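Okay, here's what each chain looks like letter by letter:
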Amino acid sequence: MGWVGQGAATLDRAFRATVLARRRRNGPESTLGPVERIHGLRAIAAEVAAIPNDADSFLPRASITPTVERIGRSGRAHSVRFASPHRLWFRPSPGEPEALEDRWRRYPENYTVDARWLRAGPVDAPVCLLLHGYLGGVHAIEERFWPIEWLHRNGIDAMLVALPFHGARRRKKPRTPPPFPGGDPKFTIEGFRQTCVDLRSLTTWLRGEGARAVGAMGMSLGGYSAALLATVEPLDFVAPFIPLASIADFARDGGRLIGTRTQQLEQHALLETIHAPVSPLTRPCLVPEGGRLVIAAKNDHITPMTHAAKIATHFDAPLEIFRGGHLLQFGRRGAFRAFAKMLHALELTTVAS
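Report on the accompanying structure. In this text, all values refer to a predicted model and were calculated from it rather than measured experimentally. (Residues numbered from 1 in each chain as written. Predicted model: local features only at pLDDT ≥ 70, side-chain atom pairs only at ≥ 80, totals over all residues. Heavy atoms only, no water.)

## What to know about the environment of D102
Position of D102 relative to the elements: it lies in helix α4 (residues 100-104). The spatial distance from the C-alpha of D102 to the C-alpha of P92 is 9.8 Å, given a sequence separation of 10 residues. (Helix = DSSP H or I, 4+ residues; strand = E, 2+ residues; numbered from the N terminus.)

## Here's the deal with the nonpolar core
Counting residues in each nonpolar core, the largest one holds 71 residues, and the members touching the most others are L129, M159, V161, F192, L202, L206 and F315. Ranked by residue count, the leading element in this core is helix α7 (residues 185-208), at eight residues. When sequence neighbours within four positions are dropped, the list of residues in contact with L206 reads W117, V127, L129, M159, A211 and V214. L130, W150, F241 and I242 belong to the second-largest nonpolar core, a separate cluster that totals 30 residues. (Core = buried A, V, L, I, M, F, W, Y, C linked by side-chain atoms within 4.5 Å. Buried < 20%, exposed > 50% of the residue type's maximum accessible area, 1.4 Å probe, protein only. Contact = heavy atoms within 4.5 Å.)

## A few points about the packing of α7 against helix α8 (residues 221-230)
Viewed as axis vectors pointing N to C, α7 and α8 meet at an angle of 60°, and their least axial separation amounts to 10 Å. In terms of axis orientation, α7 runs oblique to α8. Considering the relative orientation of α7 and α8, their crossing is right-handed. Between α7 and α8, the residues in contact are F192, T195, C196, L199 and R200 and L221, Y224, S225, L228 and L229, respectively. Tallied by class, the residues present in the contact of α7 with α8 amount to seven nonpolar, two polar and one charged. (Axes fitted to C-alpha atoms, helices over the stretch in contact; angles between N-to-C directions. Parallel < 35°, antiparallel > 145°, perpendicular 65-115°, else oblique. Left-handed = near helix turned anticlockwise from the far one by under 90°. Nonpolar A, V, L, I, M, F, W, Y, C, P; charged D, E, K, R; others polar.)

## Here's the deal with α7
Counted at 1.5 Å a residue, the expected span for α7 with its 24 residues is 34 Å, and the 35 Å between its end C-alpha atoms agrees. Between a side-chain oxygen at the N-terminus of α7 and the backbone nitrogen of K186 the separation is 3.0 Å; the capping residue is D184. Looking one or two residues beyond α7, the residue adopting positive phi is G210, at roughly 115°. (Expected span 1.5 Å × (residues − 1). Polar contact = N/O pair within 3.5 Å; in protein donor to acceptor, adjacent residues only side chain to side chain.)

## A look at the pairing of strand β4 (residues 127-131)
In terms of burial, β4 is largely enclosed, as five of its five residues are buried. With burial as the criterion, each face of β4 is covered, one bearing V127, L129 and L131 and the other bearing C128 and L130. In this sheet, strand β5 (residues 157-161) lies alongside β4 in parallel orientation, the contact comprising five bridges. Residue pairing for β5: L131 is matched across the bridge by V161. With five bridges connecting them, β4 and strand β6 (residues 214-219) associate as parallel partners. (Pairing = 2+ DSSP bridges.)

## Side note on the packing of aromatic side chains
Tallying each qualifying case throughout the model produces 13 aromatic pairs. On the numbers, 5.2 Å between centres and 90° between planes, the contact of Y107 with F165 is edge-to-face. On the criterion of sequence distance, the pair formed by Y107 in the loop between α4 and β3 (112-118) and F165 in the loop between β5 and α7 is long-range, its members being 58 residues apart. On the accessibility criterion, F165 (0% relative accessible area) is buried. Geometrically, the ring pair formed by F180 and F192 is edge-to-face, given 4.8 Å between the ring centres and 80° between the ring planes. Remark: F192 occurs in helix α7 and F180 occurs in the loop between β5 and α7; sequence separation between them is 12 residues. Comparing F180 with F192, the two get one shared label, buried. Among the aromatic residues, those joined into a cluster by ring pairs are W150, F237, F241, F322, F336 and F339. The ring of Y107 has R171 sitting right over it, with the charged end atom 4.4 Å from the ring centre. (Phe/Tyr/Trp six-rings, centres within 6.5 Å; stacked < 30°, edge-to-face > 60°. Lys NZ or Arg CZ within 6 Å of the ring centre and 35° of its normal.)

## As for the pattern of salt bridges
Under the defined criterion, the tally for this structure stands at 17 salt bridges. For R116, the salt bridge is made with E143, and the minimal N-O distance between the two is 2.6 Å. Here R116, found in strand β3, pairs with E143, found in helix α5 (residues 139-145); they are 27 residues apart in sequence, far enough to count as distant. Note that D198 and R169 form a salt bridge whose closest N and O atoms lie 3.0 Å from each other. Placement of the pair is D198 in helix α7 and R169 in the loop between β5 and α7, with a sequence separation of 29 residues. Note on R169: relative accessible area 1%, which makes it buried. One salt-bridge network, held together by shared partners, links D56, R61, R200 and E233. (Salt bridge = Lys/Arg side-chain N within 4 Å of Asp/Glu carboxyl O.)

## Some thoughts on the environment of D54
Within the secondary structure, D54 is located in the loop between α2 (34-48) and α3 (55-58). Relative accessible area serves as the criterion here: at 41%, D54 is assigned to the partly exposed category. Taking the C-alpha atoms as reference, D54 lies 9.6 Å from V232; in sequence the two are 178 residues apart. Here the side chain of D54 touches D56 through a polar contact of 3.1 Å, landing on its backbone nitrogen. A polar atom in the side chain of D54 sits 2.8 Å from the side chain of S57.

## A few points about the packing of α2 against helix α10 (residues 261-275)
For the pair α2 and α10, interaxial distance at closest approach is 9 Å and the crossing angle is 25°. For the element pair α2 / α10, the angle class is roughly parallel. Like other packed secondary-structure pairs, α2 and α10 cross with a definite hand, here left-handed. Touching P34, V35, R37, I38, L41, R42, I44, A45 and V48 of α2 are Q263, E266, Q267, L270, L271, T273 and I274, all from α10. Class assignment for the residues of the contact of α2 with α10 results in 10 nonpolar, three polar and three charged.

Put into structure tokens, the structure is as follows:
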């Protein structure tokens, strides 16, 4: 593996064993035994069965009128904010201790979509939506993490978008971990629904503002979101980067499925069924074949390469692999070069490096 791979893998394992495991121990599902969990998942699966297959009904776009304000001294950065068009799908269920709507209302910040548009120059420049991972979404930090200047040199606008319950959409006081994604499948489904509704609406608005192309690149949770968006919105390009692909697989690999082998298999199957309406593996990719690229890290121990491989197979897309991990992304420059070559082949940039 080498010291680079070992270091990347060690940091990933430490993060998973501390930050992510703490959420598992403190989640509402932690008090339930396997029989109770299976019973609850079956009930949710029955509700999910009523969801229409039509993506435009379940994951619609809406007309928005954002507030756009110039920020900073360069004149290239703009704050873009608008009211989220998302409306809850699930209704209260008999015996539910607290309605989902009541829990949703605890986060008033989440009702406003917050994005930062970093413009390369031309009015009609292609726009790349950059979608962060879990616990991310603070624009000042994301600007330093993503290769913004590199995108600008390639003539691409960058738009940082805070996913639901992250960044400026995260509760300020008390400062608690984002509830999405989490142990409640219905809350998680609504979070991905809001992600799609917000991003579809933003994509339509950007095209109306003159962008000649709109695509998405996302990391981890953002990679899942970018891939999901590509199955309901005809983007010009998509590049899931070290993506999450399956909630059920993530739960299994993180030790969240309990009981006998048979009980764990049933929990996994139920989680796959429940999350299918918001899975990037349910619908075909709507992005033209030449505009698809999936990127994986060889030593990723948070969303291992199997996740990226599932999306690449489903999308019939090339799988680019770099040597680093999920957090220490050694060698990712080569992955961005592959991304640039794809954009160059699409005639969206004049630079192929």
